Each structure stands twice: as structure tokens, then as C-alpha cells.
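Observations on chain architecture
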Amino acid sequence: MDSDIRELYQQVILDHHRHPRNFGELDSPDGRAEGFNPLCGDRVNVELKFDAEGRMEHVAFTGQGCAICTASASLMTECLTGKTRAEGEALVEDFRDLVTGTRDAEPGDAEERLGKLAIFAGVREFPVRVKCATLPWHTFHAALASESGRVSTE
Amino acid sequence: MTTTQLPGLLPELEVIRADFPILERTLAGGLPLVYLDSANTSQKPQAVIRAVDGFYREHNANVSRAVHALGSEATEAYEGARGLVAGLLGAKDPREVVFVRGATEAINLVAQSYARPRLSPGDEILVTWMEHHSNLVPWQLVAEQTGARVRGIPMDDRGVLDLHAYEKMLGRRTRVVAVGHVSNALGTVNPVARIAELAHAAGAAVVVDGAQSAAHVPVSVQELGADFYAISGHKAFAPMGTGALWGRLALLEEMPPWMGGGDMIRSVSFEGSTWADVPAKFEAGTPNAGGVVALGAAIDWMSAIGLDRIREHEEDLLRYGTAALADVPGLRLIGTAPDKVAILSFVLEGVHPHDVGTILDREGIAVRTGHHCAQPVMEHFGVPATTRASLSVYNTREDLDALVAGLQHVRQLFG
């Protein structure tokens, strides 16, 4: 097996694929969206709830997808918990830059913000899989925009 | 090139493989290509590549429009290919062959030109559950336009059509029965002759999607009892953007043109126009003449081997592959009909087909992953997607060994 494959399917990714965190639905979410990749049939629903201070106290997902998509969704929900809307939006940008390979050119504290999400850097070697990794993030972005439980499709 | 006899396979297999330049290329890291995606598109033999090249080098001119020498040569080659398609499908008359861009266009033509004027609200179009979207969506469109209804003919868990259910669905409102000769997602070879017999008894026309059959099973439209038969050139060793619709002459003659333009008319004035005879009536605009000539070359190439022998070779691969995949832990075949072509669609427990596809790709193995443009099939089997290895005459048992080894690596990684 080649090294790119091992880089892509790291243990952390495989672990989140097998045991996704925050998998399920929320009671009366503040935002909700459904993401669908018609090319491969991957489906992700993201729900979120804000606390009184405007921080996301819960981000959860359901759906069906490949290891990259599921692990991305799972790690995303962990990383977004406790963040504000603006921080969440910034992370969407950082993540997209990371997996499309545009991040290297850009200095700043993106690396620090990304934290353990950095393991998705291997995706850039597999351009056809970038959409698998970004689908949960696009869906989260749509969920933020949906606000009051209104479903919007990516 | 030496000819080596491989057990149970075509004696000239190495010669056949050597006809395909792409099979000689290597991928990143010097890996040989193991091409198992022929149901998606077939690779092209030298004869086909040369035919395209030869057309544009030597004979390029617009067909049926020019009095000069090149025009006659191009027209002759183009019409020659029509005769070859008629021969391939066992058609009585080359005029029954209409050149189109592919099977999708052929089916849309039938839906719009044959079915649409004949459909009234409440009429029914029967389509099987295993159809490719290209033999489903055109019917949904025409149903929307006319108030007709599309109904699905069910299948069992092997991917075999339920003919009893089908027989009960047929009635006086049935106008069209649309069926794939071979399922792209499951490999099932459908009993088209029986389906057609029952449809005709009910007064319905039979439209057969032959996209997956032309390169793999002998076809006789007469024996099948079809009214229309659609083929796709690119799945049968010919260039993309080529295909043909075969239709019964009497039906084609009754049908109005589908597209208007050059070369499909008898006379045109501002008061109105009259149409050319079939098949020109359905071939508006400049066709993909070079591609069509190469489609003829592809048919010659297939005929030289013989569809019977191609089928035999692929049956051997199917048996071998089915047995080999049974040894992969957690693998479930999707599509286990007794009558199948060499399509192995499967799911691997705990691993999404996309991940399977990526890992196999890094070993040089090209398979298709996804819903194969057959979402109702995926729904029936309760899976979002499958991995599909689809074989052709140029494949070997070693290709299947490589697939199984690749799947063992997937298992190692995913546990």
C-alpha cells in the first residue's frame, strides 16, 4: 500500500469513521441543513444549537458517507463545539484551504485554529476526494445560514 | 506478438490485448493498468483509433451533401457503418438504423417521437426497477408532458425481474414497456423475448436499452421481438458520441421528426416543410461521421472474434471472479442472477465504496464506485452505493486476481 494511502487513512480518521462522535439529532436545533453529493450519494445532516452567549453548545450530524466524509463530519462537530458563529465560519475557510492545498501559501494562525483537523491534509493528494471531506463543512455553513430549524440544501 | 494459450480463455487473448494501446500504459509508480470499468466505457482497439484517424486524414467531408469525391467517400463509409450496425443487431433493413449520440439520445428520441403523440392521461409506461436513469428519466419526462404514468416492474433480491408481477401490471392502458437488455448495475441479462411477447399481447411497444449488451452478448432484434433497440457506441469499443437506434421500419416511418435542421428535409419553404425518408428524417445536422465510421470498425473488430466467443470468455471471467470474490471477508455481491454478464457489483462490510475505489486506484485498478446512475437499484438493495468491476473481452483472470489482492489490502487497512 502506498504512503499517500496511509497518509489519507490515518488511524484517527479510521477511528472517527468507525466511531463517529456527536452522531445523532438534536432537540429543537437552532440551525439545520442537509448536504448531499449526488455524484456518490453521500448524505450528511448537520444540526447545531447556540448557548446564551452565542457559542455553539452542540453540533451533531447524521448521514451516510465514506470514511473521509464521516471522519470529517465527526471531527468537525468536536472542533466546532464552543465556538462562535464567526469562529465557525473562519474554520470552514481554513479547512477548505487545508484540503484543497491552498493553505501552505498562506501564513497566519490557521494551523493553530485547525488543530487536529490537520490530519486531513492528506486529502489534497486525492483531488476527487476533496468533496468528501468538505461536504460536512458546506452543510455546516448552510446550517448556520438556516438559523431557525429551516432546512436548506447545499 | 506470440500467442499463448491461457486455460479456459480465448487462445488469442494476448493478441486481443495487444490491440488496445491503453492497456500498455502504466500509472504513477510504474503500475500496470488493470481496467475493470468497461460498463462505464470500453477501451478502444487500434482498428477504431485508426478508423477515426483515417477518416479525417483521407476522407473528411460532410456526408450526404457534397457532390465531390471526398463527399462520396465519406457518405459511403458512413452508410457502410449503418449496414454494419444493422448486421450486428440482426436488423432486416439498414434504413431501420438511426445514428444518434448514444443510447440516451436513442431512448429520448423514442420517448418524444414515438411515445409522446400516442400517450394520453392515465396511459402507462412500464419500466423495470433496474433501469439506468437513461431508460427511466426520458419516460418520466414524457409522462409529465402527457399525463401518463410510469410504473416500475419489480425484481427479487438476486436482481431477477418478477415476470408474474409484470404480467399482472400489463393492461389496456400499457403503451410502452421499457427494459434494459443487460443491467449496468447488476449484470442481469433480462428475458427480453418473453417480456416483449407479453407486452405485444397487451398491445404495448417494447423499447430495449442495449447499452450494456452490444459488446457482450449476441443480439437479434427479430428474435428478441423488440420494437426499438438502443445501443451506445462507446461501450462497444467505438468512440464516445456515437450510438444507434434501431426501430421497426413501419414505426419509424409513422413517427414525426424529433429534431429539425439540415439534411432531414425533403423540401423547405416558409409555408412549411416536408421530411426526408427514414433514417435521414431523424438525423438533423451534421453527424459525427468519423465516429460512426469508427463504430463500423468496432463492429468489424468484434465480429472478427465473434460475439459468441466474447460471451464465452466473459462467462469464464464471471465464474472465476465470482468464486474469487467469495473469499474476501465481508464481501456481498449485489446482483446474483443466474443469467448475467461479467459485472461484479459488491459492497464490503464497514467500508464505503468510495474508499474501496481510492485504494484500488492507487494499485492501478480502475473500478466504478457510486450508484451507477441506477439509484432505484441501490434503494432496492438498501445500499447507498456499490463498487463495480465490469469486464470486457480484453480482461484476464490475472486482472481479477489483482482486484482480490487489492480488496485484501482494503480489509487490512479498515480491519
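The structure displayed is predicted, hence computed values, not measured ones. (Residues numbered from 1 in each chain as written. Chains lettered and ligands numbered in written order. Predicted model: local features only at pLDDT ≥ 70, side-chain atom pairs only at ≥ 80, totals over all residues. Heavy atoms only, no water.)

Before going further, it helps to spend a moment on the domain arrangement of chain B. Residues and elements named next belong to chain B. What the domain assignment lists for chain B is domain 1 (13-32 + 306-414) and domain 2 (49-303). Inter-centroid distance (C-alpha atoms) of domain 1 to domain 2 is 28 Å. In this complex, domain 1 contributes 35 residues to the contact, which on the side of domain 2 involves 32 residues. Both sides together, the interface formed by domain 1 and domain 2 hides about 2600 Å², and carbon and sulfur atoms give 64% of it. Taken together, the elements giving at least two residues each to the side of domain 1 that touches domain 2 come down to α11 (307-325), β14 (343-348) and α13 (375-381). When grouped by side-chain class, the residues that make up the side of domain 1 that touches domain 2 number 19 nonpolar, nine polar and seven charged. (Domains from an automatic or database assignment. Contact = heavy atoms within 4.5 Å. Buried area = accessible area lost by both parts, 1.4 Å probe. Helix = DSSP H or I, 4+ residues; strand = E, 2+ residues; numbered from the N terminus. Nonpolar A, V, L, I, M, F, W, Y, C, P; charged D, E, K, R; others polar.)

Looking now at helix α4 (residues 85-100) of chain A. Residues and elements named next belong to chain A. With 16 residues, α4 ought to run about 22 Å at 1.5 Å a step, and its terminal C-alpha atoms sit 23 Å apart, in line with that. Along α4, the residues classified as buried are Gly88, Leu91, Val92, Asp94, Phe95, Asp97, Leu98 and Val99. At its buried positions, α4 is contacted by β3 (56-64), α3 (67-80), α5 (110-114) and α6 (130-146). A positive phi of about 85 degrees marks glycine 101, the residue just after α4. (Expected span 1.5 Å × (residues − 1). Buried < 20%, exposed > 50% of the residue type's maximum accessible area, 1.4 Å probe, protein only.)

Residue and element names in this part refer to chain B. The buried fraction of strand β7 (residues 174-180) amounts to six of the seven residues, a majority that puts the element mostly inside the structure. Pairing of strand β5 (residues 124-128) with β7 involves four bridges; the strand directions are parallel. The residue of β7 that forms the bridge with valine 127 is alanine 178. With five bridges connecting them, β7 and strand β8 (residues 205-209) associate as parallel partners. From the neighbouring strand, valine 177 faces β8, where its bridge partner is valine 206. Since β7 and β8 lie parallel, the crossover through helix α7 (residues 192-201) that links them has a hand, and here it is right-handed. (Pairing = 2+ DSSP bridges. Right-handed = clockwise from strand over helix to strand, strands pointing away.)

Another aspect to go through is the side chain of lysine 44 of chain B. Residue and element names in this part refer to chain B. As for its position among the elements, lysine 44 is in the loop between β3 (34-35) and α2 (46-59). Although lysine 44 is buried, it forms no salt bridge, and the closest oppositely charged side chain is aspartate 37 at an N-O distance of 11 Å. In this structure the side chain of lysine 44 is engaged in a polar contact, spanning 2.8 Å, whose partner is the backbone oxygen of serine 42. Ignoring sequence-local partners within four residues, the contact set of lysine 44 consists of Asp19, Phe20, Pro21, Ile49, His234, Phe237, Ala238 and Pro239. (Lys, Arg positive; Asp, Glu negative; His and termini not counted. Salt bridge = Lys/Arg side-chain N within 4 Å of Asp/Glu carboxyl O. Polar contact = N/O pair within 3.5 Å; in protein donor to acceptor, adjacent residues only side chain to side chain.)

Taken as a whole, this structure holds 31 salt bridges over all chains when the rule is applied. For arginine 129 of chain A, the salt bridge goes to aspartate 355 of chain B, with nearest N and O atoms at 2.9 Å. Linking arginine 129 of chain A in the loop between α5 and α6 with aspartate 355 of chain B in helix α12 (residues 353-361), this pair reaches from one chain into another. Taken as a pair, arginine 129 of chain A and aspartate 355 of chain B share a single burial class, namely buried. Two residues, aspartate 53 of chain B and arginine 57 of chain B, come together in a salt bridge whose shortest N-O distance is 2.5 Å. Of the two residues, aspartate 53 of chain B and arginine 57 of chain B both sit in helix α2, four residues apart, roughly one turn of that helix. Sharing partners across several salt bridges, the network here consists of Asp15, Arg21, Glu78 and Lys116 of chain A.

Residues and elements named next belong to chain B. One open sheet holds the four strands; their spatial order is β13-β14-β17-β16, and the pairing between them is antiparallel. Two strands close off the open sheet at either side, each with one partner strand: β13 (331-333) and β16 (368-370). Averaged over all neighbouring strand pairs, the angle between strand axes comes to 30 degrees, with direction disregarded. The pairing of β13 with β14 spans three bridges and is classified as antiparallel. Pairing of leucine 333 across the sheet is with phenylalanine 346, part of β14. Relative to β14, α11 is tilted by about 10 degrees, and along the sheet it contacts β13 and β14. (Axes fitted to C-alpha atoms, helices over the stretch in contact; angles between N-to-C directions.)

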